[in-house]
Amino acid sequence: MAILTNPWVGYITRSYQQIKASLLTRLVTNNPEITDHTSQNLLIVILDMFAGVAEMLNLYIDNMAREAFIGTCRRFSSIIKLTKLLDYRIKAASPATVDITVTLSAAITAPYVVPQNTAFTSDNGLQFINLAPLNLPMGTQQFILGLTQVTLINSVSLGSTHGVPFESFSIPDGYSEGSMQILINGDAWILVNTLGLRTPTEKVFIIDFDVDGLPYVVFGNNINGAIPPTGYSVMASYHETVGANGNVGMGTIKTLSGSLTFPGAVISTIKNNEAASGGSGYEDIERIRINAPLSLRTLDRMVTRQDYVDVTLQAPGVGKAAVDFDCGKTVDIYIVPQGGGLAQSPLLYTTNMYDDPRRMLTTFLNIMAAGYTIIQIELSGKSRFRQDPAQAQIDVINALVDYGSFAKQDINKAVRVSDIYALVDNLIKIDYHNITKLTTIPYARPFGHNIQLMWNRSVLPANNQKIRWKLEYYDDGITQYMRVFRNLAYLGNVPMNTSWTDPYSNITVMFISGLYTMGMQWHFTTYPYNQDIELDDFTIPVVLSYHCNVTVNPTLGA
């Protein structure tokens, strides 16, 4: 079969300049009698116009090829269409979640139930509510309550049905993923992930996105899912959220909206000891690039070890995940919220609800917060000649914080001395530097409970090996203290609110009184001082600006 070729312009000749040069070269070969190649020659003007049109056509062709693949497309409308081919559901906004500690003026004199949807307000006016009631036994004086940053929208009409296949109704902006409930003529319709596996009579719907990135409800076609009856209002109840703007800081939620009547007590303080986390907006292109192929690969089931990670990454609010599994029925899954931070009880619960229907029948899941290991760095150096040392210092701190950011780090990722040297050496304003301190502020992982340990700690220079630690809370009614174990060996008892250094000078700690009960345990790991940090405790390394002590001196010229 003959292959058609274009002797004038090759297929890799794409730009205006290349096309015009190719045409002129061919013109000299085929028509040497035409010697005027300036714009005064009408033929050259026509060739010039052709080169411009050809470049534009090449641009259109290249764009069509680029927009045809999830990995290369740039337009949101393109990735919307591609995900529909995969039957992948783009996720709406995820609300921020947080645990607050409520302290009462006295122990309550009778059991009490904190009602569902009790609202609290942050300093910037955002509403956080508890999505489940909390039972408090008699004698409770302090408790932890999990909150989610949502506003309840009840029984609003999305429109009237017309009995057509795949009928759709728009949802207002700010919809919170997975929260939609619909009633039509008194019948409840169920939110599902796909219509493809549904029978003609099932009253189900999906949430999809249009090319403008706005969510809408879609019903079936009497083949995959039922068509709603004609002439009825679609009554919707759902949650709205501000997404990432709900990730408020530590200590900013301290106001109750309304009132709670505790028997024999009133509220003394309300405080969130950790920042709210996990809030994110509608799934963007980069996130879809990751999740859509994972959805196709796993087919919504956890079978292999990697499946447990890949499916969990698709749970709303989860940004990173890792699995710890050796042999047995239990699979431990560690998660980090979208944007970083500590996964708190509402996110742990919703992630478990997402993963549980997708797990292998013979396994049990244990969803835990990965936690974060703070990296402490001290370094000194000199700026390049005629470079401002103050600005060089800022550049170093910004580079270190970026290196330890959520986007650049992962669970159990190693922090290497050589990487930090290379990072700072590559800064334009830095001549040379020396790392004088590289160590960690360890994370104490709750063991068998979700109460975070409040403590001050500092790893000491004498710590030259990786050490496993266990803490156990003890209260004999008179004294409260922590029993401390080093590599399974009992070291001694440390009274609460008292500074203590271990006998080997590995660490200095102070345990702060909190919401603890007898026998509670925490585990943590310390790593060698001023050496590579090989994390293996399922935490994520984090670098914060106030844990970077950077000194940059000027280089003086002759």
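Look up a bit, the structure's there.
From a predicted model like this one, the values you see are computed outputs, not experimental measurements.

Undergrad: Got a minute to help me understand the overall build of the chain in this structure?
TA: On a plain count of helices and strands, the chain comes out with eight helices and 30 strands. A globule of 558 residues ought to have a C-alpha radius of gyration of about 24 Å, yet the chain, at 31 Å, is considerably larger. Along the first, second and third principal axes, the C-alpha atoms of the chain reach 110 × 90 × 45 Å. Scored against the burial criterion, the 558 residues of the chain give a buried share of 45%. Sequence-distant contacts in the chain: of pairs separated by 6 or more residues, those separated by 24 or more amount to 68%. A total accessible area of about 27,500 Å² is found for the chain, and carbon and sulfur atoms account for 57% of it. Each charge class in the chain was averaged separately, 38 positive and 46 negative side chains, and the resulting centres sit 3 Å apart.

Undergrad: Would you explain a nonpolar patch on the surface in this entry?
TA: Nonpolar side chains collect at one region of the surface, where Val53, Met56, Leu57, Leu59, Tyr60 and Ile61 lie side by side and expose about 600 Å² of accessible area between them. Its location among the elements puts leucine 57 in helix 2 (residues 42-66). Residue leucine 57 is classed as partly exposed on the basis of its relative accessible area of 46%.

Undergrad: Mind showing me how you'd approach the packing of aromatic side chains here?
TA: Between two aromatic rings, the relevant description is the distance of the centres plus the angle of the planes. According to the stated counting rule, one finds 16 aromatic pairs in the structure shown. Aromatic pair tyrosine 175 and tyrosine 238: ring centres 6.1 Å apart, planes at 65°, arrangement edge-to-face. With tyrosine 175 in the loop between strand 8 (168-170) and strand 9 (181-184) and tyrosine 238 in strand 13 (residues 233-240), the pair connects residues that are 63 residues apart, well separated along the chain. Taking the relative accessible area as the measure of exposure, tyrosine 238 reaches 4% and is therefore buried. Arranged with centres 5.7 Å apart and planes meeting at 0°, the rings of tryptophan 469 and phenylalanine 524 form a pair that is stacked. Here the residue tryptophan 469 occupies a position in strand 23 (residues 467-475), and phenylalanine 524 occupies one in strand 28 (residues 521-526), the gap between them amounting to 55 residues. You can call tryptophan 469 buried: its relative accessible area is 3%.

Undergrad: It is not clear to me how the nonpolar core should be interpreted in this structure. Could you clarify?
TA: Soluble globular proteins tend to pack their nonpolar side chains together in the buried interior. Grouped together as the largest cluster of nonpolar side chains are 31 residues, with contacts concentrated most on Tyr175, Met180, Ile182, Phe205, Val217 and Phe219. Those elements that provide at least two residues to this core are helix 3 (76-86), strand 7 (151-160), strand 9, strand 11 (204-209), strand 12 (215-219), strand 13 and helix 4 (285-298). Not counting residues within four places of it along the chain, the set of residues in contact with valine 217 comprises Leu158, Glu167, Ser168, Phe169, Ile171, Met180, Ile182, Phe205, Ile206 and Ile207.

Undergrad: So what exactly am I meant to see when it comes to the environment of asparagine 30 here?
TA: Position of asparagine 30 among the secondary structure elements: in helix 1 (residues 16-30). Assessed through its relative accessible area of 38%, asparagine 30 is described here as partly exposed. In sequence terms asparagine 30 and asparagine 366 are 336 residues apart; their C-alpha atoms lie 76 Å from each other.

Undergrad: Sorry, what's going on with the pattern of salt bridges here?
TA: Two side chains that carry opposite charge are able to pair once their charged atoms sit near each other. Within this structure, the stated rule accounts for 21 salt bridges. Of the charged contacts, one joins aspartate 536 and arginine 468 as a salt bridge, the two residues approaching to 2.8 Å between their closest N and O atoms. Of the two residues, aspartate 536 sits in the loop between strand 28 and strand 29 (540-542) while arginine 468 sits in strand 23, which places them 68 residues apart along the sequence. Take aspartate 536: its relative accessible area is 26%, and that puts it in the partly exposed class. Arginine 483 is paired through a salt bridge with glutamate 472; the nearest N and O atoms lie 3.4 Å apart. On the criterion of sequence distance, the pair formed by arginine 483 in strand 24 (residues 480-486) and glutamate 472 in strand 23 is long-range, its members being 11 residues apart. On the basis of relative accessible area, arginine 483 is assigned to the partly exposed category, the value being 26%. Residues joined by salt bridges that share partners form a network here, namely Lys84, Asp87, Arg89 and Asp208.

Undergrad: For this particular structure, what's the right way to read the packing of helix 1 against helix 2?
TA: Between two packed helices, what matters for the description is the angle formed by their axes and the separation of those axes. In the contact formed by helix 1 and helix 2, the axes pass within 8 Å of each other and the chain directions differ by 140°. When the interaxial angle is binned, helix 1 and helix 2 end up oblique. The crossing of helix 1 and helix 2 is right-handed. Of the residues in helix 2, those in contact with Tyr16, Ile19, Lys20, Leu23, Leu24 and Leu27 of helix 1 are Leu43, Ile44, Leu47, Asp48, Phe50, Ala51, Gly52, Ala54, Glu55 and Asn58. Here the contact of helix 1 with helix 2 is built from residues that sort into 11 nonpolar, two polar and three charged.

Undergrad: Help me understand the side chain of glutamate 283, please; the structure alone is not making it clear to me.
TA: Tracing the backbone shows glutamate 283 in the loop between strand 15 (267-271) and helix 4. In this structure glutamate 283 is buried but unpaired, with lysine 91 as the nearest side chain of opposite charge at 4.5 Å. A distance of 2.9 Å separates a polar atom in the side chain of glutamate 283 from the backbone nitrogen of lysine 91. Aside from chain neighbours lying at most four places away, what touches glutamate 283 is Phe76, Tyr88, Arg89, Ile90, Lys91, Ile288 and Asn291.

Undergrad: Quick question: what am I supposed to make of unusual backbone geometry here?
TA: Excluding glycine, residues mostly have negative phi values, and the peptide bonds linking residues are mostly trans. The phi dihedral of phenylalanine 166 is positive, around 50°, even though this residue is not glycine. Residue placement: phenylalanine 166 occurs in the loop between strand 7 and strand 8. Since its relative accessible area comes to 44%, phenylalanine 166 is described here as partly exposed. One non-glycine residue with positive phi stands out, namely asparagine 487, at about 50°. As for its position among the elements, asparagine 487 is in the loop between strand 24 and strand 25 (489-495). The class for asparagine 487 is partly exposed, based on a relative accessible area of 35%.

Undergrad: Whenever I open this one, helix 6 (residues 345-355) confuses me. Can you help?
TA: One full turn of an α-helix is made of 3.6 residues, so residues set three or four places apart face in the same direction. Of the positions making up helix 6, those classed as buried are Pro346, Leu347, Leu348, Thr351, Tyr354 and Asp355. On the buried face of helix 6, the contacting elements are strand 1 (97-104), strand 6 (142-148), helix 5 (305-312), strand 16 (318-324), strand 17 (330-337) and strand 18 (364-369).

Undergrad: Help me understand the sheet that holds strand 12, please; the structure alone is not making it clear to me.
TA: Strand pairs in the sheet, formed through backbone hydrogen bonds, run parallel or antiparallel to each other. Spatial strand order, 7-13-9-10-11-12-8: seven strands in an open sheet with mixed pairing. Here the strands that pair on one side only, and so sit at the sheet edges, are strand 7 and strand 8. Across this sheet, the average inter-strand angle for adjacent strands is 30°, counted without regard to direction. Bridge count for strand 9 against strand 10 (residues 187-191) is three bridges, and the pairing is antiparallel. Its bridge partner being in strand 10, leucine 183 is matched across the sheet by alanine 188.

Reading the values: rules and limits
- Residues numbered from 1 in each chain as written.
- Predicted model: local features only at pLDDT ≥ 70, side-chain atom pairs only at ≥ 80, totals over all residues.
- Heavy atoms only, no water.
- Helix = DSSP H or I, 4+ residues; strand = E, 2+ residues; numbered from the N terminus.
- Rg over C-alpha atoms; globule rule 2.2 N^0.38 Å.
- Buried < 20%, exposed > 50% of the residue type's maximum accessible area, 1.4 Å probe, protein only.
- Contact = heavy atoms within 4.5 Å.
- Areas by Shrake-Rupley, 256 points an atom, 1.4 Å probe, with all protein chains shown as cover.
- Lys, Arg positive; Asp, Glu negative; His and termini not counted.
- Charge placed at Lys NZ, Arg CZ, Asp CG, Glu CD.
- Patch = residues over 30% accessible without salt bridge, like charges linked within 9 Å, V, L, I, M, F, W, Y side chains within 5 Å.
- Salt bridge = Lys/Arg side-chain N within 4 Å of Asp/Glu carboxyl O.
- Phe/Tyr/Trp six-rings, centres within 6.5 Å; stacked < 30°, edge-to-face > 60°.
- Core = buried A, V, L, I, M, F, W, Y, C linked by side-chain atoms within 4.5 Å.
- Axes fitted to C-alpha atoms, helices over the stretch in contact; angles between N-to-C directions.
- Parallel < 35°, antiparallel > 145°, perpendicular 65-115°, else oblique.
- Left-handed = near helix turned anticlockwise from the far one by under 90°.
- Nonpolar A, V, L, I, M, F, W, Y, C, P; charged D, E, K, R; others polar.
- Polar contact = N/O pair within 3.5 Å; in protein donor to acceptor, adjacent residues only side chain to side chain.
- Pairing = 2+ DSSP bridges.

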